[in-house]
Each structure stands twice: as structure tokens, then as C-alpha cells.
Amino acid sequence: MLASPLRMHIPDGFLTPAIAVIGWAIAVAIIVLALRQTRRQLDDRMVPMMGVLAAFIFAAQAINFPVAAGTSGHLIGASLAAIVMGPWAATLIMTAVLVVQGLLFQDGGLVVMGWNVVNMGVVAAFSGCLTYTLARRLAGESRVAILAASFAAGWISVVIASLAAAIELAASGTSPLTLAVAAMGSVHALIGIGEGIITAAAVGLLLVSRPELLKAGATAPGGRTATLVLVGLAVGLLVAAFSPLASPSPDGLEAVAESQNFLGLGQAAPYRILPDYTVPFIAHPALTTIAAVMLGTLVVFGGAVLVGRAATRRQASRG
Amino acid sequence: MGEAFLTMHHTIEVRRLSFAYPDGFQALRGVDLHVSPGEKVALVGPNGAGKSTLILHLNGILRGQGEVQVCGLPMEDENLGRIRASVGLVFQDPDDQLFSPSVREDVAFGPMYMGLTEDEVGRRVQRALTSVGMPESAARVPHHLSGGEKKRIAVATVLAMEPEILVLDEPTAGLDPRGRRGLIRLLAELPQTMLVSTHDLRMVQELFSRTVVLDQGQVVADGPTDGLMADAALLAAHGLEA
Amino acid sequence: MHFDLADQYRPRPSFVHHLDPRVKVVVALAFILAAGLMPIGAWGGYAALLILALGASLTSGLGPIFALRRSYVALPFALVALPLVFTVPGEVVYHTPLTGWTITAQGLERFLSLMLRSWIAIQAAILLTAVTPFPDVLWALGTLRFPRLLVATIGFMYRYFFVLADEATRMLRARAARSGEVGGRRKTPALWQARVAGHMVGSLFLRALERSERVHAAMLARGYNGQMPNLAQRAMRRMDWLVILAALLLLVGLLAWARPF
């Protein structure tokens, strides 16, 4: 139980040092922003609250439920933290969790921690928060709408974070893009269901016990900056994912590499641009898998909005 | 319900139970305990004596060396489900046991897990809430209850499973005098075989005819409450104050 | 179940234990970076790094197999890299019987190199936490320009993790205690179980939040005003600088030696 049940913590050695450093740069930049935003939001409550909630996330990841045949599901928690505390605070909370997990339990590497923070802290928290906020705005104020939005936030945050991890692994030549995306995506599409349900149920309990915690906007300032960050990240990741596919052909890229004498250093270069594939049908499966995930995201989001809207309308007509 | 308690079924049998925590601390050293049907037994002793540890062995949450039999079932993996349906454990901190958005859902957890029908679950919830004197509370939010109310609902969550034996860990701890009085009255009325771990010796004298004294992982005294309470030397030796 | 975060630290009267925490953090990170920079198939380089790690383990009084015990953590992630065995082109070594996939020597080399480098890196992380108490690691990160607020937050997390993990454990036990079975029960659906887990998580969240409010009140009562006190100062001894220099030179030298091949 010491190791996190979530298989998204990338260990050291699975990403090239160059890519790892980029991850650190992004993580540091966002953490600095997050510190400033959270300070403004929470003032001197910040340190004890973030710290104890980070301890909560870590402890909550131990609460499981039986799924089938001996397997059990767990929570990651980034989306729950983001729904209640806002994306910036959630980023800090997840960072604290990841630092302790990496340092003390070797769950996730130290040099690659930048990307782990980006995936499970930034991407998960921001996509979860964005999903929740958008879904709520579209679906209304009813209890069902809030629960549906929470479910969508949980699912989407997990799936998108796993995709980000897959893309980083592919860019490092550790895993073929096709396989990484398909494997990570499908596994986490399932795990995401558990995350969605747990997140929704947790929010449900908070709604009856301390509803003021979920007042829209009470704890989530800096919305515009948040959206910018998320969009920027999404663009960056998509570029990274599609650039190998955007080249005219793998052969073309190899030719370029040869002419630049890359291949001579080839195996040892810390920044292999495109790992070799013997599988002939590279580009399309990766594209279709990513498209499938995007479609799934839209379906889940759309479904949540529709369900929530229907419930809100029913509530309004009754009341 | 009265008939059922005449069968020789619900007993606690503990023989030579020893248990050490992973960090090496030896919490129990060869404990022997026998509780007969219908008995109401108090378990007392200083902090760290092993009372909570012993209690956790009674429904298989902890497993040590020695023999533990509950309601005639030996403590083994395949019996855990039935044992947990027969022994109701009420823990010290009600916040650990109330985790649902409504009282009804919390009290219904046990029966629902056991796979009972909707109707039966509903009946049991109402019966359990009535037993603890809070029949109108099904719709309330556990987070908003007072300390005494939480303790009673915690008992209700266990009563809904209709166990043969009730084991409670420090039931009056943290209660104000009114809450304490309410809980004592409740315990006096419940018909189950009972084992209660407590520091509250005045309650022990009021409710329990037999007392077991645990200290440093061993049973140091086991007999009629009156006799033990009168033994000043014994009480002093084990950090007890009447 | 006791989650004991102090469990990772092994106090010993060794030379390594007495080094400044900053030295240990920097050297560990440099070591991990060096492992990542080692080329594919540089078996000599890997062996050299392992020997260094072993040396560190022995010098710290931890014994030769200490770090080995806990380094299996990366194992599940091996699956992520396994396709390399099939996809890297080169001389074919084996055909899988049913699917006809080809395993190449280069693929095997790539995969093994990756697993070895990851494993070597983990040794460093394990050793770091074994010879440095966690508060010292945090302090070192603070002096190395980690944001102080973040360091303080992590400190609080460390302080309260045990408390909250205990609460979670007791909630799990309470749920187990009410998970009884009566003959012929129908299975409870996973959806319901997930909801219950979600309720427990929400409950734990509330307790954590309210605890943090109490902690904050206690801090205010002791004069806290949101400013972090300055970090304790510690002077680096000559030995500390020597060790950093020696370690960095050694690592750079190893890399230079291993690279051309």
C-alpha cells in the first residue's frame, strides 16, 4: 500500500534527460504561478491547508473498492482537489503528494518528477477543473448536474493525464506512440470510471455536509490564466504528439537525421526524435487512437451536460 | 428475539492469543478470554494495555497467534463474512464509522452489503434507529450531528446487522454527562451479549457484572465486578481509579 | 497498519550520514542524471555506476543488498517499454510462435538498457532517503532554491500524513467490520461499492479540511502571520565540497568513458 496504485508515475530512466529537463522547466513555471495565485486566494491559511489536504490525497488513495475478480479501484484525487479548491491550489497539493511519493517511496522518478507533476498535478487538475466548471455552467444548478459534472471531471482528468504521459514516453523513444497511447488510454478509460464515481460521490457528500465549499467561484480565482495555461499545454502536447506524424514520412526524417550525422551518435543521443518502428502502419493508429480518446472525452462531457440539464429543468419545473 | 439467545451459539472464545505489531511491539501476550451467551463483560486497563488490539481480533481485522472462535466459528478467511455479521464492532471514534451523506445510508450499509432486500433493509434501519432512541433521524446528515448523537448512530449502524454479540470500544469517551447517560441507558436496554472496553469505571459498576482487567497484554484479573472494584491494591497496580 | 514515514531513514554512525544534506541531494540527482545519460548498451558504464552505488551503500553502513530490496517498484512500468523488444529494427533473434512478431538483438539491448538504467537510478533515490532524514532533505531542497512555501507545505504534509492515514485505516476497518455475509447473499454491485468509497473519501476530505482549520488557528495563536521563518543556516565543510567535486568528476568521467562506444 505504500506505492500509489496509479500507474502513471513515470520512473527515472523512462524519459530522456532532455525531455525530463523540459518537464522540470514547465513544472517550475507553473508552480511559481500556482504559489502566487494560491497565496492570493488563501493567504496565511495556505500552508497548513495545502499540507493537510496533500496528506488527505495520499491517505485517500488507500481507500479502495472491489471491482471484479480480486482487482480494486482507487482514487487519484487531482480532480476532486481541483473542484473544491481550484486548479492552482490543486496543483500545489498534487505537487506535494508527488514529491513525497517520489522521494520516500520511489513512486515516480526524481529527474522525471517535472513531468509527473505536469501530468498528475497540472494536466489532471486543470482539465478536471475546466470540465467541471464548463459542465456546471452548461448543465445548471441541480444536484444531479453537479454530480454529473464531477463524474465527467474525474474521468476526463484521468484519461487526458494518461495521454500526456503516453506522449512523453513516446517522445523519449521508450514506447511506440501507437501502443503507448492505446495502452495508457484504454487502461485509464476504465480507471477513469472509478475516479469519476468516487469523485462524484465525494462531492455529493460535501454538498450535503458543507455546501458552501462548492459555491462556484468561491475558491477558484485566476480563471482566465488557468484557461490560458491549459490551452497552452494542450497545444504543446498535441504538437509533440503529431510532429512525428506530421513529417512527410518516417524515411524522410531518418534521411534528415543521417545527413546531420545524428544516426552516428544515434543510439546515444539524448534526444532521439523518432524511434524506429518495424510496424509499417505507424501514423494512422496513433491518430485514430488520439481521435478516439478525444471523442470519448466529448461524449462523456456531453453526456454529463445533458443529464445535468435535464435534472435542472425538472427541478425548476417542480419548484 | 429472546429465544435465539438461549442457544449456546454466541460466545467469544480466545485462547493463548498473542500479537505483535509490525514494528515489533508485543501488544498481546497469551490472552485467554471466554464470554458466554448473554453475558455483559467489561474490559478495563490502562492505555496501551492491548484492549483495542484484543477487540480488533474478535472480527478478524487483526490476526495473531493462538485460537479465536466467535459464535462457534474459528477465525479463518472463509468465516470472516459470517463472523462479521455475528459480531458488531463499534469503534471509539464515530467519525470513523459514519461516512455517508445521510444517517439512513450509513445505517443501511451493513444490511445492504449482506444483500438483503430493499424492504428488509428499510425495516432494519428503522428498527435500529428506534433501538438507539433516534427514530426520526434517517434523513439527517451525519456531519451535522452532535457527539452523543453520532455515537448512538454508530451503534445503530452495527445494530442494523442484528449481530449476536456487541463489542464496543470506549463508548462513553468524549461524551458530556447527558450524552453519557443516554448511552448507558441504551447499553442497559440492548439484549445482546456484550463486551465493552472502557475507562469509565462508574459505568462498569452500573452495567457489567463481570470485569476483565488487561495490562501489558495479559489478563491480570477476571471476575465479578464488585469484588474487583473493592480491591484497591489491584486497581492502583493497574492504573485504574473507581 | 502503520504508515511510518520515518521508516525510510536508517540512522548509522557513518561518514555518509554526516555529510551535509545538500551534498547528498545533489550527488543523488547527479547520479540519476548520469544514469539517464548513459548510452544504450554501455554495460561497462552501468556496472561502474552500480559499483558506485554499492560503494555508497557499504560506506553508509547499510550493507550491500539494502537498496536491492526496494528497487522492484519500477517493475509494472516495464510493460510500457516492452514493445521496444519488437519494434526496434536490427538482427532478428527470435520469432514468437503464434503472432509471428520478431524480437531483435537491438530491441533486447534497448529494453535491457532502459530497465537497467531505471533500476540504477532507483538505487540512488533509495539510498538518499536512507541516509538523510526527510526533514533534512526538505531543508536541502529549500536551500537549493525550491520555493519556501512549497517546502513548508510538504513539511506539513509529512507531519500530517500519518494522522490522516490512520483515519483512513480506521474508516476502512469500520467498513470491514460492517461487511458481513449471510448465506446466499447476492453480490453487491461495484457501482454501489464505488459510491461508498467516494463517500468515505468525501468524509475524509471534510475531516482533513476541518483539521487544517484547527491547525491554522493553533498557528495563529502562536503568532504565525503567513511569513515563513528563515531557513536554518548550515556551513558546508571542506569535506562536503570535496565529496561533491569528487562525485561530479567521477560521474562526468564515467560518462565520457562510456559515450564514445
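Residues numbered from 1 in each chain as written. Chains lettered and ligands numbered in written order. Predicted model: local features only at pLDDT ≥ 70, side-chain atom pairs only at ≥ 80, totals over all residues. Heavy atoms only, no water.

### A few points about the interface of chain A and chain B
By a widespread convention, an interface's size corresponds to the accessible area lost as its parts come together.
And step 1. Contact residues are listed per partner, giving four residues for chain A and six residues for chain B.
And step 2. Contact with chain B buries surface across chain A, with L205(A), V208(A) and S209(A) losing the most and accounting together for 85% of the total.
And step 3. The interface formed by chain A and chain B includes zero salt bridges.
And step 4. Our count for the chain A to chain B interface comes out at one residue pair in polar contact (both at pLDDT 80 or more). (Contact = heavy atoms within 4.5 Å. Buried area = accessible area lost by both parts, 1.4 Å probe. Salt bridge = Lys/Arg side-chain N within 4 Å of Asp/Glu carboxyl O. Polar contact = N/O pair within 3.5 Å; in protein donor to acceptor, adjacent residues only side chain to side chain.)

### Regarding the environment of V151(C)
Residue and element names in this part refer to chain C.
And step 1. Examined against the element boundaries, V151 turns out to sit in helix 9 (residues 148-177).
And step 2. As for V151 and V137, which are separated by 14 residues in sequence, their C-alpha atoms are 10.0 Å apart.
And step 3. Discounting residues that sit within four places of it in the chain, V151 has contacts with L138, G142 and F146. (Helix = DSSP H or I, 4+ residues; strand = E, 2+ residues; numbered from the N terminus.)

### Focus: the domain arrangement of chain C
All names here are of chain C.
And step 1. Domain boundaries assigned for chain C yield domain 1 (21-144 + 235-258) and domain 2 (147-179 + 196-230).
And step 2. One C-alpha centre belongs to domain 1, the other to domain 2, and the line joining them spans 34 Å.
And step 3. The interface of domain 1 with domain 2 comprises four residues on the first partner and four residues on the second.
And step 4. The three residues of domain 1 that bury the most area against domain 2 are F134, L138 and G142, which together make up 84% of that side's buried surface.
And step 5. Put simply, domain 1 and domain 2 have zero salt bridges between them.
And step 6. At the boundary of domain 1 and domain 2, one finds zero residue pairs in polar contact (both at pLDDT 80 or more).
And step 7. Considering only residue class, the side of domain 1 that touches domain 2 consists of three nonpolar, one polar and no charged. (Domains from an automatic or database assignment. Nonpolar A, V, L, I, M, F, W, Y, C, P; charged D, E, K, R; others polar.)

### Digging into the packing of aromatic side chains
And step 1. Within this structure, the stated rule accounts for eleven aromatic pairs over all chains.
And step 2. Relative to W192(C), the ring of F109(B) lies with its centre 5.3 Å away and its plane at 20°, an arrangement referred to as stacked. Placement of the pair is F109(B) in helix 4 (residues 103-113) and W192(C) in helix 10 (residues 190-221), with the two residues belonging to separate chains.
And step 3. Summarising the aromatic geometry, the rings of F156(C) and Y160(C) are spaced 6.4 Å apart at their centres and angled 15° between planes, so their arrangement reads as stacked. On the criterion of helical spacing, the pair formed by F156(C) and Y160(C) is a turn pair, its members being four residues apart in helix 9.
And step 4. Each member of the aromatic cluster is reached from another via a ring pair, and the members are F99(B), F109(B), Y113(B) and W192(C).
And step 5. Residue placement shows R234(C) over the ring face of W139(C); its charged tip is 5.5 Å from the ring centre. (Phe/Tyr/Trp six-rings, centres within 6.5 Å; stacked < 30°, edge-to-face > 60°. Lys NZ or Arg CZ within 6 Å of the ring centre and 35° of its normal.)

### Focus on helix 6 (residues 147-159) of chain B
Residue and element names in this part refer to chain B.
And step 1. In this model helix 6 runs 19 Å from its N-terminal to its C-terminal C-alpha over 13 residues, within 8% of the 18 Å that 1.5 Å per residue would give.
And step 2. With respect to burial, helix 6 is a largely interior element, ten of its 13 residues being buried.
And step 3. Where helix 6 is concerned, the buried positions are G148, K150, K151, I153, A154, V155, A156, T157, V158 and L159.
And step 4. The elements touched by buried residues of helix 6 are strand 6 (87-90), helix 3 (94-97), helix 4, helix 5 (118-131), strand 7 (165-169) and helix 7 (177-189). (Expected span 1.5 Å × (residues − 1). Buried < 20%, exposed > 50% of the residue type's maximum accessible area, 1.4 Å probe, protein only.)

### Topic: the interface of chain A and chain C
And step 1. Listed as interface residues are 78 residues of chain A and, on the opposing side, 86 residues of chain C.
And step 2. When chain A packs against chain C, close to 7,100 Å² is buried across both sides, 79% of that on carbon and sulfur atoms.
And step 3. Among the ionic pairs, E210(C) bridges to R210(A), the shortest N-O distance being 3.1 Å.
And step 4. Across the chain A-chain C interface, the total number found is five residue pairs in polar contact (both at pLDDT 80 or more).
And step 5. Every element with two or more residues in the side of chain A that touches chain C is listed here: helix 1 (17-42), helix 2 (46-60), strand 1 (65-68), helix 3 (78-85), helix 4 (87-105) and helix 7 (177-209) of chain A.
And step 6. If one sorts the elements of the side of chain A that touches chain C by residue count, helix 2 of chain A sits on top with 14 residues.
And step 7. In terms of residue class, the side of chain A that touches chain C is built from 57 nonpolar, twelve polar and nine charged.

### A short note on the pattern of salt bridges
And step 1. Evaluation of the coordinates by the stated rule reveals 28 salt bridges over all chains.
And step 2. D20(C) is paired through a salt bridge with R22(C); the nearest N and O atoms lie 3.0 Å apart.
And step 3. According to the relative accessible area criterion, D20(C) is buried, its value standing at 2%.
And step 4. R22(C) gets classed as buried once you look at its relative accessible area, which sits at 15%.
And step 5. With a closest N to O distance of 3.6 Å, R207(C) and E167(C) form a salt bridge. In this pair, R207(C) is assigned in helix 10 and E167(C) in helix 9, connecting sequence segments 40 residues apart. Each of the two residues, R207(C) as well as E167(C), counts as buried.
And step 6. Taken together, the shared-partner salt bridges in this structure form one network comprising D93(B), D96(B), D166(C), E167(C), R170(C), R207(C) and R211(C).

### Side note on the sheet that holds strand 7 of chain B
Residue and element names in this part refer to chain B.
And step 1. Strand order in the open sheet formed by six strands is 6-7-8-3-9-10, with mixed pairing between adjacent strands. Lying at the two open borders of the sheet, with one neighbouring strand each, are strand 6 and strand 10 (218-224). The sheet shows a mean angle of 15° between the axes of neighbouring strands, taken without regard to direction.
And step 2. With four bridges connecting them, strand 3 (residues 40-44) and strand 9 (residues 210-215) associate as parallel partners. When the bridges of strand 9 are listed, L43 appears paired with V212. (Pairing = 2+ DSSP bridges. Axes fitted to C-alpha atoms, helices over the stretch in contact; angles between N-to-C directions.)

### So, the packing of helix 2 (residues 21-37) of chain C against helix 7 (residues 105-131) of chain C
All names here are of chain C.
And step 1. In the contact formed by helix 2 and helix 7, the axes pass within 8 Å of each other and the chain directions differ by 175°. Judged on the interaxial angle alone, helix 7 and helix 2 are roughly antiparallel. The residues of helix 7 that touch helix 2, namely those facing K24, V25, A28, F31, I32, A35 and G36, are R117, I120, A121, A124, L128 and V131. (Parallel < 35°, antiparallel > 145°, perpendicular 65-115°, else oblique.)

### Concerning the confidence of the model for chain C
And step 1. Confidence in the prediction of chain C, expressed as mean pLDDT, is 84, and 92% of residues score 70 or more.
And step 2. Across the interface, the model reports ipTM at 0.86; the global pTM reads 0.83. (pLDDT = per-residue confidence, 0-100.)

### Structural notes on the sheet that holds strand 4 (residues 65-70) of chain B
All names here are of chain B.
And step 1. In spatial order, the strands read 2-1-4-5; together these four strands make up an open sheet with antiparallel pairing. Because the sheet does not close on itself, it has two edges, and the strands there are strand 2 (26-35) and strand 5 (73-74).
And step 2. As defined by bridge partners, strand 4 adjoins strand 5 across two bridges and the pair is classed as antiparallel. Within strand 5, the position partnered with Q69 by the bridge is P74.

### Concerning the confidence of the model for chain B
And step 1. The share of residues in chain B with pLDDT of 70 or more is 96%, and the mean pLDDT across the chain is 90.
And step 2. For the stretch residues 1-7 of chain B, pLDDT sits under 50, and the model shows seven contacts to residues farther than four places along the chain or on other chains.

### As for the packing of helix 2 of chain C against helix 11 (residues 238-258) of chain C
All names here are of chain C.
And step 1. Where helix 2 meets helix 11, the axes come as close as 10 Å, and the angle between the chain directions of the two elements is 0°. Taken together, the axes of helix 2 and helix 11 are roughly parallel relative to one another. Two secondary-structure elements touch here, helix 2 through V23, V27, A30, F31, A34 and L37 and helix 11 through D240, V243, I244, A247, L248, L251 and L255.
And step 2. The residue inventory of the contact of helix 2 with helix 11, partitioned by class, reads twelve nonpolar, no polar and one charged.

### Digging into the nonpolar core
And step 1. Ranked by internal contacts, the top residues of the largest apolar core, which has 172 residues, are M50(A), F56(A), M85(A) and V201(C).
And step 2. Here the element with the most residues in this core is helix 6 (residues 143-171) of chain A; it accounts for 16 residues.
And step 3. Counting contributing residues per domain, this core is built from domain 1 (21-144 + 235-258) and domain 2 (147-179 + 196-230) of chain C, each supplying no fewer than three.
And step 4. Leave out the neighbours within four places in its chain, and V201(C) touches F56(A), A60(A), I63(A), L75(A), L80(A), I198(A) and A202(A).
And step 5. In terms of nonpolar packing, the next biggest core, distinct from the first, is built from 46 residues, V121(B), L175(B), L183(B) and I184(B) among them. (Core = buried A, V, L, I, M, F, W, Y, C linked by side-chain atoms within 4.5 Å.)

### A closer look at the pairing of strand 3 of chain B
All names here are of chain B.
And step 1. Along strand 3, five of the five residues are buried, which leaves the element largely enclosed by surrounding structure.
And step 2. Burial along strand 3 is two-sided: the residues K40, A42 and V44 and V41 and L43 are all buried.
And step 3. Bridging between strand 3 and strand 8 (residues 193-197) involves four bridges; their strand directions are parallel. Of the residues in strand 8, the one forming a bridge with L43 is S197.

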